[in-house]
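Inside the fold
Chain residues, written in single-letter form:
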Amino acid sequence: MIRVDLHLHTKFSGDAVITPKQVVDALYAHPIVKGVAITDHDNLEGFFQVRKLAKSYEDLLIIPGVEVSTTQGDIILLGTEEKPAYMAELENVADYAKGRAALIIIPHPYRVHGIGDAAEETLADAVEVVNALATPQENKLAEKLAKARNLPGVAGSDAHRPDQMWAAYTEIDAEPNVDSVLKAIKNGQVKAVQTKHYLNVGTSFNH
Ligand SMILES: [Zn+2]
């Protein structure tokens, strides 16, 4: 089993201040969380830098990801090192992901920047049922959606500042490598965990 924060932003997101070095240092120092998906907005530079820095540490898992801005809201792709066009249609982004065998995660569906009602039908592999920057009510609705659609529920901190890292993470019944983790998420071998709540901390700006 490995614990992974599946939603984290570096300074390459524009609205975040976390440096790649801060991610790697904090992950190395953390007692139990040993993996992270870097999910910057429409950008993979942060992922490439974090992965490079993490190479010196054998037991840290860095998963490629991107939080894509679509015309309907945000969607997260995991397992691709490329990104689709900015502000494409959600449907086209889903096709893009499938063409690259990337996982589609629906982040904070009922929060600001979420895809809202489109979450009921869009192609997806999992729903983010715990987003540490969402309200308990918004997360509860996301959980309901995951159940209704019979999709696995995952968790991520959505950290934009260093103190927000690892506020939520996903326990994944997998080997510590990207392929195994992605497969386990798809199979629902996951448990969402939240350790901290941040309410009213500028969620209208950070997503
Ligand atoms: Zn985000």
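So, a few notes on the structure that sits alongside this text. (Residues numbered from 1 in each chain as written. Predicted model: local features only at pLDDT ≥ 70, side-chain atom pairs only at ≥ 80, totals over all residues. Heavy atoms only, no water.)

1. Let's talk about the overall build of the chain
Each helix and strand in the chain was counted, giving five helices and nine strands. Written out in order from the N terminus, the α and β elements of the chain read β-α-β-α-β-β-α-β-β-α-β-β-α-β. For the chain, the proportion of its 207 residues judged to be buried stands at 56%. Partitioning the intrachain contacts of the chain with sequence separation of at least 6 by distance along the chain shows that 67% fall at a separation of at least 24. Here the chain has roughly 9100 Å² of accessible surface; of this, 50% comes from carbon and sulfur atoms. For the chain, the separation between the mean place of its 20 positive charges and that of its 28 negative charges on side chains is 4 Å. (Helix = DSSP H or I, 4+ residues; strand = E, 2+ residues; numbered from the N terminus. Buried < 20%, exposed > 50% of the residue type's maximum accessible area, 1.4 Å probe, protein only. Contact = heavy atoms within 4.5 Å. Areas by Shrake-Rupley, 256 points an atom, 1.4 Å probe, with all protein chains shown as cover. Lys, Arg positive; Asp, Glu negative; His and termini not counted. Charge placed at Lys NZ, Arg CZ, Asp CG, Glu CD.)

2. Quick notes on the side chain of Asn 131
As for its position among the elements, Asn 131 is in strand S6 (residues 126-131). A polar contact is formed between the side chain of Asn 131 and the side chain of Arg 111, at a distance of 3.1 Å. (Polar contact = N/O pair within 3.5 Å; in protein donor to acceptor, adjacent residues only side chain to side chain.)

3. Quick word on the packing of helix H1 (residues 20-29) against helix H2 (residues 45-54)
At a closest axis distance of 9 Å, the pairing of H1 and H2 adopts a crossing angle of 45°. The angle between H1 and H2 places the two elements in the oblique class. Handedness of the crossing formed by H1 with H2: right-handed. Contacts between H1 and H2 involve Pro 20, Lys 21, Val 23 and Val 24 on the former and, on the latter, Gln 49, Val 50, Leu 53 and Ala 54. Looking at the contact of H1 with H2, its residues break down into six nonpolar, one polar and one charged. (Axes fitted to C-alpha atoms, helices over the stretch in contact; angles between N-to-C directions. Parallel < 35°, antiparallel > 145°, perpendicular 65-115°, else oblique. Left-handed = near helix turned anticlockwise from the far one by under 90°. Nonpolar A, V, L, I, M, F, W, Y, C, P; charged D, E, K, R; others polar.)

4. With respect to the pattern of salt bridges
Proximity of charged atoms lets side chains of opposite charge pair with each other. Following the criterion strictly, the structure yields nine salt bridges and no others. Where Glu 171 meets Arg 3, a salt bridge forms, and the shortest distance between an N and an O atom there is 3.5 Å. With a gap of 168 residues between them, Glu 171 in strand S8 (residues 168-172) and Arg 3 in strand S1 (residues 2-8) connect regions that are remote in the sequence. The partner of Asp 125 in a salt bridge is Lys 98, with the nearest N and O atoms 3.3 Å apart. A residue pair is termed long-range when its members are at least 10 positions apart, and Asp 125 in the loop between strand S5 (103-106) and S6 and Lys 98 in helix H3 (residues 90-99) qualify at 27 residues. Exposure remark for Asp 125: the relative accessible area of 8% places this residue in the buried category. Under the relative-accessibility criterion, Lys 98 is labelled partly exposed at 37%. When salt bridges with common partners are traced through the structure, they connect Lys 98, Asp 125 and Lys 186 into a single cluster. (Salt bridge = Lys/Arg side-chain N within 4 Å of Asp/Glu carboxyl O.)

5. Here we look at H2
Every buried residue belonging to H2 is among Gly 46, Phe 47, Val 50 and Ala 54, and all of these are buried. In an axial view of H2, the angular spread of the buried residues amounts to 100°, which keeps them on one side of the axis. For H2, the elements touching its buried residues are H1, strand S2 (33-38) and strand S3 (61-70). (Arc of directions from axis to C-beta.)

6. Here we look at helix H4 (residues 136-149)
If you check H4, its first and last C-alpha atoms are 20 Å apart, about what 14 residues at 1.5 Å a residue would give, namely 20 Å. Of all the residues in H4, the buried ones are Asn 139, Ala 142, Leu 145 and Ala 146. Along the long axis of H4, the arc covered by the buried residues comes to 110°, so they all point the same way. Along H4, the residues that are exposed and aim more than 90 degrees away from the buried face are Lys 140, Lys 144, Lys 147 and Ala 148. Taken together, the buried residues of H4 touch S6 and strand S9 (190-194). Residue Asn 150 follows H4 closely and has a positive phi angle near 55°. (Expected span 1.5 Å × (residues − 1).)

7. A closer look at the sheet that holds S2
Pairing is mixed in the open sheet, where nine strands are placed in the order S7-S6-S5-S4-S3-S2-S1-S8-S9. Edge positions in the open sheet fall to strand S7 (153-156) and S9, since each of these has one partner strand only. Pairs of neighbouring strands in the sheet enclose a mean axial angle of 35°, with direction left out of account. For S1 and S2, the ladder comprises four bridges, and the chain directions are parallel. Pairing of Asp 5 across the sheet is with Val 36, part of S2. Strands S1, S2 and S3 of the sheet are contacted by H1, whose axis makes an angle of about 155° with S2. Set on the sheet, H3 makes contact with S3, strand S4 (73-78) and S5; between it and S4 the angle comes to about 0°. (Pairing = 2+ DSSP bridges.)

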